[in-house]
2 protein chains.
Amino acid sequence: MDFLRTVNASEVTVSSVPEGSVVFAKEPLMKVRGPLLVVQLLETTLLCLVNYASLVGTNAARFRLAAGSDKKLIEMGLRRAQGCDGGLSASKYSYMGGFDSTSNVLAGKLFGIPVAGSVAHSYVSSISSPDELKCRTLKPANKQEGEVDFLLLTQSCLRKVCQVLKVPQAETNLGELAAFVSYAIAFPWNFLMVVDTYSVLMSGVPNFCAVALALHQLGYQAVGVRLDSGNLARLSVQIRKIFQVCSKQFEIPEFAKLSIAVSNSISEHSLKLLAQEENEVNVVGVGTHLVTCTRQPSLGCVYKLVQVNDVPCFKLSEDEEKATIPGSKTVYRLNDGNGRPFLDLMTLQDEPPPESRKEVKIYKLGPEFETDVVIPEQVTCLHRIYFKNGQVPSDQFLPSINVTRSHAQRSLHSLGQEHKDLENPRPYTVAMTEKLHSLLTNVKRTSLLQ
Amino acid sequence: MDFLRTVNASEVTVSSVPEGSVVFAKEPLMKVRGPLLVVQLLETTLLCLVNYASLVGTNAARFRLAAGSDKKLIEMGLRRAQGCDGGLSASKYSYMGGFDSTSNVLAGKLFGIPVAGSVAHSYVSSISSPDELKCRTLKPANKQEGEVDFLLLTQSCLRKVCQVLKVPQAETNLGELAAFVSYAIAFPWNFLMVVDTYSVLMSGVPNFCAVALALHQLGYQAVGVRLDSGNLARLSVQIRKIFQVCSKQFEIPEFAKLSIAVSNSISEHSLKLLAQEENEVNVVGVGTHLVTCTRQPSLGCVYKLVQVNDVPCFKLSEDEEKATIPGSKTVYRLNDGNGRPFLDLMTLQDEPPPESRKEVKIYKLGPEFETDVVIPEQVTCLHRIYFKNGQVPSDQFLPSINVTRSHAQRSLHSLGQEHKDLENPRPYTVAMTEKLHSLLTNVKRTSLLQ
């Protein structure tokens, strides 16, 4: 216990790939060097911090690939995360992985992530008639004019909207309209409403259009609608047509471009289907399937001892899969003439790096260790030192969340499309040098002999 | 903003089923009453706290059912959890759900959960020869005698063990033996070693038996072994036989009963298979599949407005599944003559409770609302008030984690076996009274008409 009291990280050095870099199976993401006891104490902490962050960041990047670059993606998974801290991690690393915003306001405050969201169904269903409105007036956007009876204005807009859309006004829900009015009075510049509390096409959308039209008459601009049930693609197309009809009829060009947001248990798969169908969706909110990573709910990063006192060491396992590659290693990414990465090469730490435009013999990872000779055009070392003898080196400031987010997108962008197919990606080659391969062979033989 | 500064929970009342109770789909787990704005602000917080806790608690209970009651279950999922807080929630609710201990030491400290664990492979592989041992002596358990050269004693024991087991001593790993010796010297009463760093049967187990035998000669008692790879059931049987041979040969009865612990990506399915095979496993460590709930990574509890100012309200959804049941409700569990629950009945809050041994007409939840008449022997109200006008009522102390854990086991135990089959459980019936059913029908009709 006396000894444990003195334990600190002053002799620990950590190098890592920059956060947000694309990496591949079996590569060391992070190298930790220091006194054995101290670095062993770090095992669970580092795994806990790296595993879920990498998993949800990767998942977010896959959602981004599935959605394409033109849709806005909102992370909204707090209610399905592993407690509040799990929710914060989910928000942070989803943003890094390519999402645009989060509904987690604390994550917005702590990490500077843009926050976004919309109204809950319970807000809409909490009001059952216009009589419940405590305030029904709104000042026009240009504040010089006096207050207007906004409810009355909206009701007259609704009559026109119903006529144009050929919807019986009697079928629109009065409580819903009152809720929309009360929200618009509070947030006239931020009017994005959930339209499926009652019937989407017979009530939600006509009521929305009426309020949006009334807002426009007072000089405001509505934002759009959110759908949380039903056939999202088809409804989005129907709603876009309604917006276009209103735009033309009421001569408001912006009306045609109102935002259509969707949610409702969106998965990578449903997002991909949506992208394949005709749709008019601009914003997608993703919760459960993003934060819990339903396609693969855990990432199996491990923390293994590879060298003690300059002697490489090795864990021979009953499961071939769990065997480690001995020795302290360096990882290089080799690019071809088009600037595309085509191979990641692990070398012993002390080996000279592979050189540009020179042949290098490689042993591909796999049961056979197939050999090949490659000529890289460009060679990059993947690791940087982020923590040296207990300190963050002064020349190595930790990047901001936005820098990391851009780095992740660049790193993904550099990679060939064939490796990014969500269903059948071509495996990217990871290999080792001849020296590392013979070390592995020797250590394996020695372990088996002993 | 001025108003938000004054917001508090002094008018909020929360009732809930006691933590650890078995509940069924569509039942209200919790009822929250208070000013609309305040209870709407609580939505995400409550869902975040209830969803994952219920999910992982349920998952732990399923692992307990799959393992049977005789095996010890250790939760060890921190490295795969959603950050540190996710890991703490996982430890806490896994224990409540029926696990025996956790490897998360902080969870042990914060919640009073027994902690358990074993040595890492990296500890074993960090030592490559007996020359590296800084200390090789051990005092016998009865401290009156002087220190013994424990390495020498172990080496002589290893010769005997190898002879008895007919294992060539040259195949045992010297570094592994040295690591076992150094650990035994530090923790002579807590000697549980991981035996698959090198070959389990040719090195790990003989080395373990040698150290265990040496410890015994000095008056200590070894604990057992841990396996983290290979065919766990078969290896456990082979190891048990070795322990029995040693027990007989060296005349140490306790040796036959040494503990065999296993880990390695244990799932509900692999645990069930293990239980069906011949095996000698005493302890199972579960990580990834427990905390990430791979079988179903999220639980879809929702928080819905059911009543405003004594008026029941209702969300009609495009998806039938997402429609709510209106009105403030009470839930009763109805037991049969054998004390087994057979039906949960939702009533309107103000309805008189169903009475023991009296007929009650029910409408079963489902698309058809099939009716039936039942006669309960015993009726229990499921909800209790845990928070009243901003206070925990003095007569309702929050139970300790161990009381909740026992309650969960009792609640599960009371349930008929047919509902607990892990693959094809018979659905348990949840129903509503005639009054609640007609309220639902009316509100639905009104919503559709409006």
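Please read these numbers as outputs of a predicted model, since none were measured by experiment. (Residues numbered from 1 in each chain as written. Chains lettered and ligands numbered in written order. Predicted model: local features only at pLDDT ≥ 70, side-chain atom pairs only at ≥ 80, totals over all residues. Heavy atoms only, no water.)

**Student:** Would you mind showing me how to read the sheet that holds strand β16 (residues 371–374) of chain B here?
**Tutor:** Across a sheet, paired strands are connected by hydrogen bonds in the backbone, their directions being either parallel or antiparallel. Residues and elements named next belong to chain B. Strand order in the open sheet formed by 6 strands is β16-β15-β19-β14-β13-β17, and the pairing between neighbours is mixed. The open sheet has two free edges, formed respectively by β16 and β17 (378–381), since each of these has just one partner strand. Across the sheet, the mean angle separating the axes of adjacent strands is 35° when strand polarity is ignored. (Pairing = 2+ DSSP bridges. Helix = DSSP H or I, 4+ residues; strand = E, 2+ residues; numbered from the N terminus. Axes fitted to C-alpha atoms, helices over the stretch in contact; angles between N-to-C directions.)

**Student:** Help me out: how do you make sense of the relation of the copies chain B and chain A in this one?
**Tutor:** To go from the first copy of the chain to the second, apply a rotation about an axis and then a shift along the same axis. Rotating chain B by 180° and translating it 0.0 Å along the rotation axis places it on chain A, where the RMSD comes to 0.0 Å. In symmetry terms, the pair is related by a two-fold rotation axis. (Least-squares fit on C-alpha atoms with pLDDT ≥ 70 in both.)

**Student:** It is not clear to me how the pairing of strand β19 (residues 429–432) of chain A should be interpreted in this structure. Could you clarify?
**Tutor:** Two faces, one strand: in a regular strand the side chains alternate between the faces of the sheet. Residue and element names in this part refer to chain A. Pairing of strand β14 (residues 341–348) with β19 involves 4 bridges; the strand directions are parallel. Across the sheet, the residue bridging to L343 is T429, located in β19. In this structure, strand β15 (residues 360–364) lies alongside β19, joined through 2 bridges in antiparallel fashion. Bridging across to β19, Y363 finds its partner in M432.

**Student:** So what exactly am I meant to see when it comes to the interface of chain B and chain A here?
**Tutor:** Size of an interface, as often reported, equals the accessible area lost when the parts are brought together. The interface of chain B with chain A comprises 60 residues on the first partner and 60 residues on the second. Carbon and sulfur atoms supply 50% of the area that chain B and chain A bury against each other, a total of about 5100 Å² over both sides. If you look at where chain B meets chain A, you find 2 salt bridges. In this structure, the salt-bridge partner of R79 of chain A is E43 of chain B, at a minimum N-O distance of 3.0 Å. Scanning the region where chain B abuts chain A turns up 16 residue pairs in polar contact (both at pLDDT 80 or more). Of all the elements in the fold, those that place two or more residues in the side of chain B that touches chain A are α2 (36–41), α3 (43–67), α4 (83–96), α6 (121–125) and α12 (288–291) of chain B. Per-element accounting of the side of chain B that touches chain A gives the leading share, 6 residues, to α3 of chain B. (Contact = heavy atoms within 4.5 Å. Buried area = accessible area lost by both parts, 1.4 Å probe. Salt bridge = Lys/Arg side-chain N within 4 Å of Asp/Glu carboxyl O. Polar contact = N/O pair within 3.5 Å; in protein donor to acceptor, adjacent residues only side chain to side chain.)

**Student:** Hey, could you run me through a nonpolar patch on the surface in this one?
**Tutor:** All names here are of chain A. A surface patch of nonpolar side chains, about 570 Å² in accessible area, is lined by M1, F3, L4, L37 and L41. Counting only elements with at least two residues in the nonpolar patch, the list comes to α1 (2–6) and α2 (36–41). Among the structural elements, M1 can be located in the segment before α1. M1 gets classed as exposed once you look at its relative accessible area, which sits at 78%. (Patch = residues over 30% accessible without salt bridge, like charges linked within 9 Å, V, L, I, M, F, W, Y side chains within 5 Å. Areas by Shrake-Rupley, 256 points an atom, 1.4 Å probe, with all protein chains shown as cover. Buried < 20%, exposed > 50% of the residue type's maximum accessible area, 1.4 Å probe, protein only.)

**Student:** For this particular structure, what's the right way to read empty space enclosed by the protein?
**Tutor:** Picture a little ball the size of a water molecule; that probe, rolled over the atoms, points out where space is still empty. Under the defined criterion, the tally for this structure stands at 5 cavities of 30 Å³ or more. Taken together, 18 residues form the lining of the largest cavity, with Q82 and T292 of chain A together with Q82, T292 and P297 of chain B sitting closest to its centre. For the lining of the largest cavity, the secondary-structure elements that each account for two or more residues are α3 (43–67) of chain A together with α3 of chain B. Of the residues in the lining of the largest cavity, the class split is 10 nonpolar, 6 polar and 2 charged. For the second largest cavity, the calculated volume is near 50 Å³. Lining the second largest cavity, in full, are A212, H216, Y220, Q221, A222, I252, E254, F255 and L258 of chain B. (1 Å grid on protein atoms, 1.4 Å probe; cavity = no way out; pocket = protein on both sides within 12 Å on 5 of 7 lines; lining within 4 Å. Points joined across faces, edges and corners; volume = space filled by probe spheres on them. Nonpolar A, V, L, I, M, F, W, Y, C, P; charged D, E, K, R; others polar.)

**Student:** So what exactly am I meant to see when it comes to unusual backbone geometry here?
**Tutor:** Backbone phi values are negative for most residues with the exception of glycine, while trans is the configuration of most peptide bonds. All names here are of chain B. The phi dihedral of S265 falls on the positive side, at around 55°, and the residue is not glycine. Examined against the element boundaries, S265 turns out to sit in the loop between β9 (259–262) and α11 (268–276). With phi around 50°, N309 is a residue other than glycine that occupies positive phi space. By the element assignment, N309 lies in the loop between β11 (307–308) and β12 (311–312).

**Student:** Hey, could you run me through the pattern of salt bridges in this one?
**Tutor:** Side chains that carry opposite charge are capable of pairing whenever their charged atoms lie near each other. One pass over the structure, following the stated rule, counts 34 salt bridges over all chains. Between R136 of chain B and D149 of chain B there is a salt bridge; the shortest N-O distance is 2.9 Å. Here R136 of chain B, found in the loop between α6 and β5 (137–138), pairs with D149 of chain B, found in strand β6 (residues 148–149); they are 13 residues apart in sequence, far enough to count as distant. Residue classification places R136 of chain B among the partly exposed positions, given a relative accessible area of 36%. Here D149 of chain B falls in the partly exposed class, since its relative accessible area comes to 25%. R295 of chain B is the salt-bridge partner of E268 of chain B, the closest N and O atoms lying 3.1 Å from each other. Pair noted here: E268 of chain B is in helix α11 and R295 of chain B is in the loop between α12 and β11, with a separation of 27 residues, a long-range link. Connected through salt bridges with shared partners, the residues R62, E268, R295 and E423 of chain A form a single ionic network.

**Student:** Looking at this structure, I do not really get α11 of chain B. What am I missing?
**Tutor:** Because each turn of an α-helix spans 3.6 residues, side chains separated by three or four positions in sequence point in the same direction. Residue and element names in this part refer to chain B. Every buried residue of α11 is accounted for by E268, L271 and L274. The arc enclosing the buried residues of α11, seen along the axis, measures out at 120°, which places them on a common side. Among the exposed residues of α11, those pointing more than 90 degrees away from its buried face are H269 and Q276. For α11, the secondary structure elements touched by its buried residues are α3, β3 (72–75), α10 (232–249) and β10 (283–286). (Arc of directions from axis to C-beta.)

**Student:** Would you take a moment to explain the sheet that holds strand β2 (residues 30–33) of chain A for this structure?
**Tutor:** Residues and elements named next belong to chain A. Ordered by their spatial adjacency, 3 strands build an open sheet running β2-β1-β18, and the pairing between neighbours is antiparallel. Unpaired on one side and paired on the other, β2 and β18 (384–387) mark the two borders of the sheet. Averaged over all adjacent pairs, the angle separating strand axes in this sheet is 30°, with direction ignored. When strand β1 (residues 13–16) meets β2, the two strands line up antiparallel, connected through 4 bridges. The partner of V14 across the bridge, within β2, is V32.

**Student:** Can you help me understand the nonpolar core in this one?
**Tutor:** Nonpolar side chains tend to gather and get buried jointly when the protein is soluble and globular. All names here are of chain A. Among the nonpolar cores identified, the biggest contains 70 residues, and F150, F191 and F208 are the most heavily contacted of them. At 10 residues, helix α9 (residues 200–217) tops the list of elements feeding residues into this core. Setting aside anything within four residues of it in sequence, one finds F150 in contact with R136, T137, L138, V181, A184, I185, V211, A214, L215 and L218. (Core = buried A, V, L, I, M, F, W, Y, C linked by side-chain atoms within 4.5 Å.)

Taken by themselves, the reported measurements are silent on function.
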